[in-house]
Each structure stands twice: as structure tokens, then as C-alpha cells.
Amino acid sequence: MKSSVITLLTDFGTQDGYVGAMKGVILQHAPNARIVDISHDIQPYNIRQAAFALLNYAEHFPEGTIHVVVVDPGVGTHRRGIVLRCKDRFFVGPDNGVFSYLLQEKDVQVLRILENRLGHPISNSFHGRDVFAPIAAMLANGDDINPVTTPVSDPESFFEPCELINDSEMELTVVHIDHFGNVIFNFSKSDWEHLNWTRDIRLKLKHGFVQGLHNTFGEVGEGRVLMMWDSSNFLQLAQNKGNVSKLLDIQVGQKFRLVHRK
Amino acid sequence: MKSSVITLLTDFGTQDGYVGAMKGVILQHAPNARIVDISHDIQPYNIRQAAFALLNYAEHFPEGTIHVVVVDPGVGTHRRGIVLRCKDRFFVGPDNGVFSYLLQEKDVQVLRILENRLGHPISNSFHGRDVFAPIAAMLANGDDINPVTTPVSDPESFFEPCELINDSEMELTVVHIDHFGNVIFNFSKSDWEHLNWTRDIRLKLKHGFVQGLHNTFGEVGEGRVLMMWDSSNFLQLAQNKGNVSKLLDIQVGQKFRLVHRK
Amino acid sequence: MKSSVITLLTDFGTQDGYVGAMKGVILQHAPNARIVDISHDIQPYNIRQAAFALLNYAEHFPEGTIHVVVVDPGVGTHRRGIVLRCKDRFFVGPDNGVFSYLLQEKDVQVLRILENRLGHPISNSFHGRDVFAPIAAMLANGDDINPVTTPVSDPESFFEPCELINDSEMELTVVHIDHFGNVIFNFSKSDWEHLNWTRDIRLKLKHGFVQGLHNTFGEVGEGRVLMMWDSSNFLQLAQNKGNVSKLLDIQVGQKFRLVHRK
């Protein structure tokens, strides 16, 4: 029997036993599934945070892995439940933008879940347990999900690319602030390589700027602020042994200007 | 060899490695057990929160599952350690009311653990590691626990039913506030069905009331407060995309009056 | 195929998917490994907290277990990555003192990881994913790690023993404050046994003292402060159903005098 990996990312916290209920349903239907917790501490309803986290772990798992993401402020409304297939991994969750980064990939198949075909009662407030967990279990068992899904072509996405203002200026948006306070922008190493700029760049701050591109925290003194690639190859503003988002009071969504000096 | 599921619910947090110690002991004694984290974030000593969470996940797990619950302010005193058997699932933990809801079920068998028969030293402050984990491992291995237990008939329970005041008024108590701020009452769908009231009901608040019974958040506007059944079929006061317990400053234990208008 | 246990202790939090990435890499390389979460809530960069937690769980796991600890403020600098072998368990993480207690044991073998021999690109900010997870997977698979390591003899340690001031006074340091506010000292039951003191001891506080050595919380009234052995046999200052570290405003690192009255 198959023993697929099912990962879980939610904003449920764990105190209420809701995540426990999802795990129970999965193990009830797919006794050999291997459940892997990613996080249940996504900020309540913070779809963007979940979308970015997914980017950090999804591709590191083996092929066949089923990634379940339930950050679902619209549960019980007309928002759709979906299954995505991309690079031989599956993704299950609400169609509310939580898969925005994933949808930038080529060859993503998207299916809508037909809840009324699942053959059991479905609560209006807990599709994690009643819809997404059972679908994940079906996928883990290698069951055909065609009878309970239908293709869709217009999944929700909030993806916002960085914007070239002129030859030497790029507008960046803060897409994520991590646990250590690192500030991550919508600007990847591959965006950078397309630009063909030298490393003589500045990020403008409210007061002053940060200059250059470093390889690692340790290249600057303790407490100093630097720019470097984060571990998923996005540009990040970081502070050696510090929390730069607190230091400079930076929020997700804030815009910054990156300037190239020729 | 059996590979039973053992779930863990505690108020230990994870920072000290105490939960880790329990997991190590389980895997030492039952190498094939499948450990499933429910939560370690129960508020310290909050027996009621743990009892309610258990209600949300216990029955969704497969038969044979062993649910370990360690919220144990009385560890090292004369409080008993117990094993319950109900609907072919096992429950292991202190006898302090944490299994109150479970004890409302028919056909619950309760056994007291005889610590001194376990055959190893037992610390005075950590029965999770030294008593409950070893018992869970024995159950996972299919071992006979009769030699280390004895039946009891008077387990602790704090269960408090809702109270019918008169033909058209019911007093409800807040039994749980969840991660999203939903306020959950000691009033189930089956209590409701026995009442035979119409949906023309009001829940009295300090200022004003909430009227009617909705099916889902999306039936009211964003920010509006509503009554609906929660995912375990208890009555809940909720707010569409909001936190109603904060909005109305509601605490666990608070009493409310539900009024039927004929 | 082997199915070794790999435990994970980090200060990553879970919100960013970084721990998820480590789990993915482990399962990619060692599909049968059994990943066990210890904690991801170690305070950012708090090496001492991680070191003490490790002491609480490491030895309870079966032989062959691989304990991964990633609290790594020096990632991307010259600090070394190491593998330790002790009592047939493996330990993987940065060489920054996080294994200080372990290094007090006899027969600890220490190997330095040669990152450039791992044969894949290594980010400067995430050795948890790119170095420690792959090494853990190799160990889980039973692979020979000699080609990618070299012995070292000078691992970092911050271990600080208690200090005998005179015949009847011992200076203790607070090494840990746990989730319940218990205050734990660098003074073990075996230290105590070597002293050969009677139980007529006092711990001096800012105002007054705590007297005697108790067996369990329940021996004193609710709210009373006591000394007892913690579950790993270190001396702890505790409060029956209370949080003594808050009550007396005690911090890790603080020094106290233990006095014997002959």
C-alpha cells in the first residue's frame, strides 16, 4: 500500500483540536499516509503569509507529496476548493490566492472540488476536516479524484511582480517578514540576472540607504543591516544577529526603491 | 507488529523538551507507534480547554487510537492516573476532569493506573513521561494492561449541562473560545432538537441581542455577529471575518440567556 | 530499509516554512526516516535554552536516533557544523555550544562537517536545510559519513559547573526557566550526593529564603515556593500551581547561594 506524505499548513492554531480532527480524518481514510506538520501558526486569515511559506518548502518534498493548505476566511461562502498538480506534487486548499506563487509555474493543472459528490455531510465552517482532508487521503491512496473534481481555468492569484521604473530604478514590494525579522522582497535572483546590473545598488530607506549585495550575514559587523539573497533566492534586507523589520519598522506590503549606480 | 496511532495533547509547550521526552519514551517502548501531535499549547493547567479540544478530534481517529492528554496541575499529589476505553479508542491521562465530555458517553470503561506496578522509578513532577507514555506504549503494543490497572467507578467530571429556565428560556454557559474568537456554548444540536423551538431565537447580550440561527458566516455581512452550529455541532457565536470574543469581551464560564419567541 | 528516528529542535518558528523545507529534504533523501518534532519555539538565537532542552529528551530516544539541533546565529560565518556520537545516538548541528551538556559525557566523538564535499550548492543563511538535514538523512540511511567529515577535538562549550564557596555554601546559577516558570539550577542530584549535606539547606533570595528539599509540589500549600529535584534530576525552585520565576522575577544566568546548616 502507498504511504504518501501529506503536509499541513493552516492558521488554526492547535489549541482547539481542529488540526487534530483533520489528522484523524486523514488517518481514518489513508492509514498509511505520513502526516507532516508545516505550521498551524499562520496569522489568522493571512493568505499571503501562507502563500509565501509554501514557496519555501513545497519543492523540497518528494514527488507525490500532497501539500494541504487551509487558510480559509471564505469557508462556507461560494469560494471554491481546489486541487493543483504541479511538478508531480499535489496541492489542496481553498481558491483564494494561497497558491498564487505556485500558479506562476508552467504546467499547473487546476481542478475544482465538487463537495456534494464527496458523499458525506460537510460542515459550513470546517472544510479542512470535511473536504480537504478527505481529498488529501484519496490522493494519498492513489484514488481517482476525477469523479469529485472538474477542471477550472481561472484560479485566484494576487501575484505582484516587481516593477522596473526606469533603466536604473526598480520598485520592490515587501512580500514577507520572517521569524527573525528578515524583510523579503518580490525580487528574485533570476529577476536580478535578467537586469544585468552590477552589484553597485542601493535600497532607499526612509532615512539613508543600504548599499551593495552581500553573500552572508557575517560579512558585516554585528547589528549592521545588509542586502543578500534569502534561502529561496529572493532579495532580503537582513541584520546580522538582529531583527531588521523591528529596527526599521517595516511592514508587509511596503514599497521600496532599488537604485543602480552606473 | 502493530503500528497504533498515539496522539498527544499537553500544556507543556515545547521549549523545554518535555514533550520530546514523552515521544522518546514512547518510541523506546513501542518503536512502531505513530505519534501524532495534537497540541502542546493548551494554557498551563487549563483542564477545560483540553477537555473541549479532545471532543473536537478524538472520534475522528481510527479505532484503536490511543489519545494521551496531559494537563496535570495535580501531578505528584493523590490524584489518580487513568485509562478510559470508549468506542474502541483509548484515553490516557490524569483523573482531573480532562475527560469530562467523554464520560457523558455510554459504555466508558475506566481503569486506574497502579504506578508502583510499572516497574521503573517515577518522578514526582513528570507522569507524562514516566506513567502516561509507558502506558500508551503498552496499549500500542497490544500488551495487557490489567496487571498495572484496576477498575474505578468515580472518575472526576465537571460537565455542566445547559439549563432550561422556563418554556422559552435556556441558560447557556460559554465552554470554549477558539483560536478565531468563536464563542462556543454548552448547547448542542441534539439539545436543540429536543427543545422543538423554531429558529426565532435571540441570544441576549449586555447591550442588545443576536437573532436567528444561520448556516454559515457568509450569510451575514463582513463584521456582523451571528449564531450558527460549530463544526462539532455546538452552538457558537461568531463574527464573519472577525473575533467576536474580543469584540464583545466574552470569557469562558460566562452565562447567557437564549430566548425563544413563539 | 532502515527507518531511523530524526528529531528536530530549532529556533525557526514554523510560519515561514523553513522547518518544512528541512523536513522535505530529509524525506527526499531518506524516505523512511521518522521525523519527530521537538520544538521550533526556542527563543531566536538562544543556544542555552536549546542546550538545556536537549538534555531533557535526548537520552529517552532509542539508540540510533539522530538529534538535529539548529539554533545557529553564526550561520554563514566560520563556525563549524558538527556531528557528535554519544551512547549510540547521533547529534547534528552548529558548533556553537548547543551541545555543551552532551560534551560533559564520557566517550563523545566529534566530527566536523566538510560542507564543500556534500556535492550540492549550500546557501549562506540556511544550513539547516542544506547541511544538517542532508547529513541527518545520510545517518538515517546508514550511509558512511567519513568522506564528508573530519574529527575535531575542540568543540565549543559553555558548561558552567556550580561552585563550592566553602564547607557550607554553594553558588548556583539559573540555567533554565521552563514553561511553567520553574527555575532550574546547575546543581544535579549527583552533585548533591557528593556534598553529603543533610536536607537542612536554604536557598537565599533577595528577601528571605526557601528552606528544605521537598519530594513534590503537593507537599506544600498552593502558591507556596519549594525546592525539589526536577524530572531530569536538577535542583529546581518551584511554586505549587504557580509560576515562581514571575513571582520572584528570576532570570536565566542569575546567581544564588545555597547554604547548609550543620
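Residues numbered from 1 in each chain as written. Chains lettered and ligands numbered in written order. Predicted model: local features only at pLDDT ≥ 70, side-chain atom pairs only at ≥ 80, totals over all residues. Heavy atoms only, no water.

A.B. asks: Just to check I follow, could you spell out the relation of the copies chain B and chain C for this structure?
C.D. replies: For these two chains of identical sequence, chain B goes onto chain C by a turn of 120 degrees and a shift of 0.0 Å along the axis, with RMSD 0.0 Å. Both copies of the chain, as the preceding transformation shows, are related through a three-fold rotation axis. Little of the interface of chain B is mirrored in chain C, where only 6% of its interface residues are also at the interface. (Least-squares fit on C-alpha atoms with pLDDT ≥ 70 in both. Contact = heavy atoms within 4.5 Å.)

A.B. asks: For this particular structure, what's the right way to read the environment of Ser153 of chain B?
C.D. replies: All names here are of chain B. On the secondary structure map, Ser153 appears in the loop between strand S7 (149-151) and strand S8 (163-166). A residue is classified by how much of its surface remains accessible, and Ser153, at 73% relative accessible area, is exposed. Separated by 92 residues in sequence, Ser153 and Ser245 have C-alpha atoms that sit 38 Å apart. (Helix = DSSP H or I, 4+ residues; strand = E, 2+ residues; numbered from the N terminus. Buried < 20%, exposed > 50% of the residue type's maximum accessible area, 1.4 Å probe, protein only.)

A.B. asks: For this particular structure, what's the right way to read unusual backbone geometry?
C.D. replies: For residues that are not glycine, phi is negative in most cases, and the peptide bond is trans in most cases. Positive phi values are uncommon outside glycine, yet Tyr45 of chain A reaches one of about 70 degrees. With respect to the helices, strands and loops of the structure, Tyr45 of chain A is situated in the loop between strand S2 (34-39) and helix H2 (47-57). Given the relative accessible area of 28%, Tyr45 of chain A is considered partly exposed. Located in the positive-phi region is Asp88 of chain B, a residue other than glycine, with phi close to 60 degrees. Relative to the helices and strands, Asp88 of chain B is located in the loop between strand S4 (81-86) and strand S5 (89-94).

A.B. asks: Looking at this structure, how should I read the sheet that holds strand S4 (residues 81-86) of chain C?
C.D. replies: Hydrogen bonds between backbone groups are what pair the strands of a sheet, and the pairing can be parallel or antiparallel. Residue and element names in this part refer to chain C. If you walk across this open sheet you meet the 7 strands as S2-S1-S3-S5-S4-S6-S7, and the pairing is mixed. Edge positions in the sheet fall to strand S2 (34-39) and strand S7 (149-151), since each has one partner strand and no second. Between one strand axis and the next, the sheet turns by 25 degrees as a mean value, whatever way the strands run. For strand S1 (residues 5-10) and strand S3 (residues 66-70), the ladder comprises 5 bridges, and the chain directions are parallel. Looking across to S3, one finds that Leu8 is bridged to Val68. This element, helix H2 (residues 47-57), spans S1, S2, S3 and strand S5 (89-94) of the sheet and lies at about 165 degrees to S3. (Pairing = 2+ DSSP bridges. Axes fitted to C-alpha atoms, helices over the stretch in contact; angles between N-to-C directions.)

A.B. asks: Honestly, the packing of aromatic side chains in this entry has me stumped. Any pointers?
C.D. replies: To describe a pair of aromatic rings, one takes the distance between the centres and the angle between the planes. All names here are of chain C. In total, this model carries 42 aromatic pairs over all chains according to the counting rule given. Both rings, one in Tyr57 and one in Phe61, keep their centres 6.3 Å apart while their planes meet at 85 degrees; by these two values the pair is edge-to-face. Residues Tyr57 and Phe61 agree in their burial class; the two are buried. Seen in terms of ring centroids, Phe185 and Phe256 are 5.6 Å apart; in terms of plane orientation they differ by 75 degrees. Their pairing is edge-to-face. With a gap of 71 residues between them, Phe185 in strand S10 (residues 183-188) and Phe256 in strand S15 (residues 255-260) connect regions that are remote in the sequence. On the basis of relative accessibility, which here comes to 0%, the residue Phe185 falls in the buried class. Given the relative accessible area of 7%, Phe256 is considered buried. (Phe/Tyr/Trp six-rings, centres within 6.5 Å; stacked < 30°, edge-to-face > 60°.)

A.B. asks: Looking at this structure, how should I read the sheet that holds S2 of chain A?
C.D. replies: Residues and elements named next belong to chain A. Reading across the sheet, the 7 strands line up as S2-S1-S3-S5-S4-S6-S7 and stay open at both edges, with mixed pairing between neighbours. Where the open sheet ends on each side, the last strands, each with one partner, are S2 and strand S7 (149-151). Within this sheet the neighbouring strands show an average axis-to-axis angle of 25 degrees, counted without direction. Contacting strand S1 (5-10), S2 and strand S3 (66-70), helix H1 (residues 18-29) crosses the sheet at an angle of about 160 degrees to S1. Packing of H2 onto the sheet brings it into contact with S1, S2, S3 and strand S5 (89-94), and relative to S3 it is tilted by some 165 degrees.

A.B. asks: Could you clarify how one ought to interpret the environment of Lys189 of chain C in this entry?
C.D. replies: Residues and elements named next belong to chain C. Residue placement: Lys189 occurs in helix H4 (residues 189-195). Owing to a relative accessible area of 33%, Lys189 belongs among the partly exposed residues under this scheme. Here Lys189 is in contact with Trp229 and Asn233, once residues within four sequence places are set aside.

A.B. asks: Teacher, can you tell me more about the pattern of salt bridges here?
C.D. replies: Inspection of the entire model under this criterion finds 36 salt bridges over all chains. Here Glu105 of chain A ties to Lys87 of chain A by a salt bridge, and the two come within 3.3 Å at their closest N and O atoms. Remark: Lys87 of chain A occurs in the loop between strand S4 (81-86) and S5 and Glu105 of chain A occurs in the loop between S5 and strand S6 (109-113); sequence separation between them is 18 residues. On the basis of relative accessibility, which here comes to 36%, the residue Glu105 of chain A falls in the partly exposed class. Among the ionic pairs, Glu160 of chain C bridges to Lys255 of chain C, the shortest N-O distance being 2.8 Å. (Salt bridge = Lys/Arg side-chain N within 4 Å of Asp/Glu carboxyl O.)

A.B. asks: Mind showing me how you'd approach the side chain of Asp95 of chain B here?
C.D. replies: Residue and element names in this part refer to chain B. Positionally, Asp95 belongs in the loop between S5 and strand S6 (109-113). Polar side-chain contacts of Asp95 include one of 2.7 Å to the side chain of Arg80. In terms of polar contacts, Asp95 uses its side chain to reach the backbone amide nitrogen of Glu156, at 2.8 Å. Excluding its chain neighbours within four sequence positions, the residues that come into contact with Asp95 are Arg79, Arg80, Ile82, Asp154, Pro155 and Glu156. (Polar contact = N/O pair within 3.5 Å; in protein donor to acceptor, adjacent residues only side chain to side chain.)

A.B. asks: Sorry if this is basic, but what is going on with the pairing of strand S9 (residues 169-177) of chain C here?
C.D. replies: Each regular strand shows side chains that alternate between the opposite faces of the sheet. Residue and element names in this part refer to chain C. Summarising burial for S9: 9 of the 9 residues are buried, a large majority. Pairing analysis gives 3 bridges linking strand S8 (residues 163-166) to S9, with the strands arranged antiparallel. Across the sheet, residue Asn166 finds its bridge partner in S9, namely Glu169. Where S8 hands over to S9, the hairpin turn is made up of 2 residues, counted between the paired strands. Sheet analysis places S9 next to S15, joined by 5 bridges and oriented antiparallel. Within the sheet, the bridge partner assigned to Met170 lies in S15 and is Leu258. Of the strand pairs in this sheet, S9 and S10 are connected by 3 bridges, and their pairing is antiparallel. Following the sheet pairing, Val174 is matched in S10 by Phe185.

A.B. asks: When you look at the interface of chain C and chain A in this model, what are you seeing that I'm missing?
C.D. replies: When the parts come together, some accessible area is lost, and that loss is often what is quoted as the size of the interface. Residue-level contacts link 31 residues of chain C with 36 residues of chain A. Here chain C meets chain A over a buried area of about 2600 Å², counting both sides, of which 51% is carbon and sulfur. Considering only the side of chain C, the residues that lose the most area to chain A are Gln15, Asp16 and Tyr18 of chain C, jointly responsible for 24% of the buried surface there. Linking chain C to chain A there are 0 salt bridges. Looking at the side of chain C that touches chain A, the elements that each hand over two or more residues are helix H1 (18-29) and S2 of chain C. With 8 residues, H1 of chain C is the largest single contributor of residues to the side of chain C that touches chain A. (Buried area = accessible area lost by both parts, 1.4 Å probe.)

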